[in-house]
Structure formats: structure tokens, C-alpha cells
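Here's the letter readout for the chains.
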Amino acid sequence: MSFTLPFASTDIRGVIFDMDGLLLDSERVALATVATAAAELGLEWRYEVGLAMVGLNAHDGPLVIRRHLGDDYPTAALYEAFGRIYETAILEGRIPVKGGAAELFDQLDRLALGRVVATSTRRSRAEPKLAAVGLLPRVHGMVCGDEVERGKPAPDIFLAAAARLGVPVEHCLVLEDSNAGVRGALAAGARVVMVPDLLQPADDVRAAGVPLAASLHDLARFFAR
């Protein structure tokens, strides 16, 4: 069955990309890294806690950890160990780009459509990650998790990204892999497509009728029509 959307490519005047789990196959690396960091510190860790943090920024992630593992959990120590191990993975090029990303960017270039990355990751980490896979020069701006007051699922980051594009948010297409990101995009009033990675769409996302794509290849073909 071919991939279709309830709007035409000509309705879109700018594209807003999530980064982790959408442009980069990084969520699996991150979950493995946080488990390694916890083991290194002799701390309890559960995979489902990591999954619950997908799409959240560095302010909201610790709240999730403490909710699951207790108010006295040493989140600062865990984040420090995680950052040290994860930065090595970035430097060593162990975070691959997702299939279809380059193809999709080629189509957006052809159509002269602007694109901005809206990521919960802080800028000092996000830029090296995109640079490592050659995508940083291909985006027209970034809004990062440390640059907005409220993280996903609040709409702030998507409203800021639309402003960076100079396009009304209702004419932007947001591509997201996380439920938190989809909720934020819907709250902002953008069109949104979910490209699931580690998480399947939650019940409220399905009820909202959010279109699903199997991969970025589907979106590249959509813009190629």
C-alpha cells in the first residue's frame, strides 16, 4: 500500500525535523549508554525508564527518573557519566544517520523548502551530532532543548522553529518519532507525521489521526510527486 497524506506537498512551506530517533539512529545508542552509565555507578536502572524519557529535554528527563526510581536517585551523577560515554560515541562516529534522510533533503532542496531542526538535545551536543553525519550544513537553523522555556510536549520549540523558518506554523510539516514530540507539534498547530522509532504511537496520538510513515523514504517519495 502506497504512503499517502491528507494534504499535498504544495501545502507545505517549511519542514521541522526532530533529530534523535528521526534523523539519527541515536535512541538505541542513548539507551545502551545510560544503562552502561548506571552500571558503572552501581545504580539501579530499568529499560522502561529510558523509554519514558524519549523526546524529553535535560530538565524533564530527571523528573521521569525520580518518578520511577525515587526522589533520592542521583540523577546528576548519572547524567555526568552518560554524557562522558555518549560524547565518545559521537566523536567516534557511532551514531548513524537514518535511512532516507539524505534522499528527503535532496527533495527539499529541489523544492527550495526550508528546514529547521527542533530537538530536545542541547545545542552543544546537537550540532556535533548532525555535523558528524554531514547534515548540519543542510539545515537552515536549529532550535534546541536549552533554548526554550518548556520542552516537548509543550509547543514552544515548534513555534520557535516556525518563526526561525519565517513560515506560519500551520504551513509547517513536523516530522517526529516520539509521542511527546507529536503532542507538542499538534499543540503548536502544525501538520505532523510520526515516523516511529522505539515507540509506537500512543492512544491519544492514534485518536488524533496523526499519519504514520514507515521511514523517511516515505516522506522523500511524498515530496518527489
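Quick summary incoming for the structure in this document. (Residues numbered from 1 in each chain as written. Predicted model: local features only at pLDDT ≥ 70, side-chain atom pairs only at ≥ 80, totals over all residues. Heavy atoms only, no water.)

### Thoughts on the sheet that holds strand β3 (residues 142-144)
Backbone-to-backbone hydrogen bonds pair the strands of a sheet. The strands run either parallel or antiparallel. Across the sheet, which stays open at both edges, the five strands sit in the order β3-β2-β1-β4-β5 with parallel pairing between neighbours. At either margin of the open sheet sits one strand with a lone partner, and together these are β3 and β5 (191-194). Across the sheet, the mean angle separating the axes of adjacent strands is 20° when strand polarity is ignored. In terms of strand pairing, strand β2 (residues 114-119) meets β3 through three bridges, oriented parallel. Bridge assignment links valine 117 to a residue of β3, and that residue is methionine 142. Its contacts with the sheet place helix α8 (residues 179-188) against β4 (172-176) and β5, and it is angled at close to 165° to β5. (Pairing = 2+ DSSP bridges. Helix = DSSP H or I, 4+ residues; strand = E, 2+ residues; numbered from the N terminus. Axes fitted to C-alpha atoms, helices over the stretch in contact; angles between N-to-C directions. Contact = heavy atoms within 4.5 Å.)

### What about the packing of aromatic side chains?
The relation between two aromatic rings is expressed through the spacing of the ring centres and the mutual angle of the planes. Tallied over the entire structure, the rule returns four aromatic pairs. Centroid distance phenylalanine 7 to phenylalanine 222: 5.9 Å. Interplanar angle 85°. Geometry classified as edge-to-face. Within this pair, whereas phenylalanine 7 is found in the segment before β1 (14-17), its partner phenylalanine 222 is found in helix α10 (residues 216-224), the two being separated by 215 residues in sequence. Taken together, Phe7, Phe222 and Phe223 form an aromatic cluster joined through their ring pairs. In this structure, arginine 115 packs its charged tip against the face of phenylalanine 105, placed 5.4 Å from the ring centre. (Phe/Tyr/Trp six-rings, centres within 6.5 Å; stacked < 30°, edge-to-face > 60°. Lys NZ or Arg CZ within 6 Å of the ring centre and 35° of its normal.)

### Section: the nonpolar core
Residues Phe17, Leu23, Trp45, Leu175, Val193 and Leu219 are the most contacted members of the largest nonpolar core, which totals 51 residues. No other element matches the six residues that helix α4 (residues 75-91) contributes to this core. Residue contacts for valine 193: discarding those within four places in its chain leaves Phe3, Leu5, Phe7, Leu173, Val174, Leu175, Glu176, Pro211, Leu212, Ala213 and Leu219. (Core = buried A, V, L, I, M, F, W, Y, C linked by side-chain atoms within 4.5 Å. Buried < 20%, exposed > 50% of the residue type's maximum accessible area, 1.4 Å probe, protein only.)

### Focus: the packing of helix α3 (residues 60-69) against α4
Axis angle and axis distance: for two packed helices, these are the angle between their axes and the distance between the axes, and together they describe the pair. Put simply, α3 and α4 touch, their axes get as near as 10 Å, and they point 125° apart. Accordingly, the angle class assigned to the pair α3 and α4 is oblique. α4 is crossed by α3, and the crossing has right-handed handedness. Contact residues: Gly61, Pro62, Ile65 and Arg66 in α3; Thr75, Leu78 and Tyr79 in α4. Tallied by class, residues from the contact of α3 with α4 come to four nonpolar, two polar and one charged. (Parallel < 35°, antiparallel > 145°, perpendicular 65-115°, else oblique. Left-handed = near helix turned anticlockwise from the far one by under 90°. Nonpolar A, V, L, I, M, F, W, Y, C, P; charged D, E, K, R; others polar.)

### With respect to the pattern of salt bridges
In the structure shown here, the tally under the stated rule is 20 salt bridges. Here arginine 28 and aspartate 197 are joined by a salt bridge, their closest N and O atoms 2.8 Å apart. Residue arginine 28 is found in helix α1 (residues 27-41), and its partner aspartate 197 is found in the loop between β5 and α9 (203-207); the two are separated by 169 residues along the sequence. The class of arginine 28 is partly exposed, set by a relative accessible area of 42%. The class for aspartate 197 is buried, based on a relative accessible area of 10%. (Salt bridge = Lys/Arg side-chain N within 4 Å of Asp/Glu carboxyl O.)

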